[in-house]
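What the coordinates show
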Amino acid sequence: MKLTIKRASAEDAHIIGYIHSRTWIDQYKEIADAKIISQMTPERRAARIAQNISANLWEYYLIKLNGAPIGFLVLGASKEDDAASDTGEVAALCLAAEHQNRGYEARTLDFAVDKLLSYGFQTIYFWTDEGDISMHTLLSARDFSFKGYTRSKFIGTHIVHYRYERGPDRAAINDEDF
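Computed from a predicted structure; not experimentally measured. (Residues numbered from 1 in each chain as written. Predicted model: local features only at pLDDT ≥ 70, side-chain atom pairs only at ≥ 80, totals over all residues. Heavy atoms only, no water.)

Turning to the pattern of salt bridges, a few remarks are in order. A pair can form between side chains of opposite charge whenever their charged atoms are brought close. Scanning the model with the defined rule gives six salt bridges in all. Salt-bridge contacts for D110 lead to R142; the nearest nitrogen and oxygen are separated by 2.5 Å. With a gap of 32 residues between them, D110 in helix α4 (residues 104-118) and R142 in the loop between α5 (133-141) and β6 (145-154) connect regions that are remote in the sequence. On the accessibility criterion, D110 (2% relative accessible area) is buried. According to the relative accessible area criterion, R142 is partly exposed, its value standing at 22%. The partner of E165 in a salt bridge is R163, with the nearest N and O atoms 3.0 Å apart. For the pair E165 and R163, a shared accessibility class is recorded, and that class is buried. (Salt bridge = Lys/Arg side-chain N within 4 Å of Asp/Glu carboxyl O. Helix = DSSP H or I, 4+ residues; strand = E, 2+ residues; numbered from the N terminus. Buried < 20%, exposed > 50% of the residue type's maximum accessible area, 1.4 Å probe, protein only.)

Mapped onto the elements, R166 comes out in strand β7 (residues 158-166). A polar contact of 3.1 Å, which involves the side chain of R166, links it to the backbone oxygen of R142. (Polar contact = N/O pair within 3.5 Å; in protein donor to acceptor, adjacent residues only side chain to side chain.)

The strand order β1-β2-β3-β4-β5-β7-β6 describes an open sheet built from seven strands, whose pairing is mixed. What marks the edges here is a single partner per strand, and that holds for β1 (3-7) and β6. Each strand of the sheet is rotated relative to its neighbour by a mean of 25 degrees, with strand direction disregarded. Of the strand pairs in this sheet, strand β2 (residues 59-65) and strand β3 (residues 68-77) are connected by seven bridges, and their pairing is antiparallel. Bridge pairing links Y61 to L73 in β3. Seen against the sheet, α5 touches β5 (123-129) and β7 and runs at an angle of roughly 165 degrees to β5. (Pairing = 2+ DSSP bridges. Axes fitted to C-alpha atoms, helices over the stretch in contact; angles between N-to-C directions. Contact = heavy atoms within 4.5 Å.)

Let's shift gears to unusual backbone geometry. Non-glycine residue N56 carries a positive phi angle of around 55 degrees. Within the element layout of this structure, N56 appears in the loop between α3 (42-54) and β2. Looking at N56, the relative accessible area reads 58%, which means it is exposed. We note that N101 has phi near 60 degrees; this positive angle belongs to a residue other than glycine. Its location among the elements puts N101 in the loop between β4 (87-95) and α4.

Counting 26 residues, the largest nonpolar core has L73, V90, L109, F126 and F144 as its most contacted members. At the level of elements, β1, β2, β3, β4, α4, β5 and α5 are the ones that each hand at least two residues to this core. With seven residues, α4 is the single largest residue contributor to this core. Beyond its immediate stretch of four places on either side in the chain, V90 contacts L73, V74, L75, L109, A112, L116, I124, Y125, F126 and W127. Among the nonpolar cores identified, the runner-up in size contains 13 residues, and A13, I16, Y60 and V74 belong to it. (Core = buried A, V, L, I, M, F, W, Y, C linked by side-chain atoms within 4.5 Å.)

Pasting the structure below:
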């Protein structure tokens, strides 16, 4: 199984938009408001993603397994109000449900950490859902720690995200080239 992670272009937005809307609906369909779900279309997500890519707001990466798209990664300088100028952020790491918990998240996170460190970021933020135990475990295993920062979003019910941080005293992972 060959995993590749390549920088996405605006032309990849339709693929990323499809993956994002599909995985978001799968994850939140039981708790999200029907109006919010109806607005989470691949076309709407693709349009927003294409704008973000064109404006260089974040770096988007397409994750492929044996040449087939299975997810995406978003990273760059942190947009958090309390972030220092040397703080990067993994804004999204999203894999289709059938590819989760198979080690691809770990390899993608390692890629993201190495990429952000190569840009000179000393601290890295990663927000994850309160209930995503496998991601909490992975982040802890990769020297991220939860320092008490949370945020809540209302999607028909409140979902809570936890911010994990990886500090400047951690070395690059760089265990595999992508």
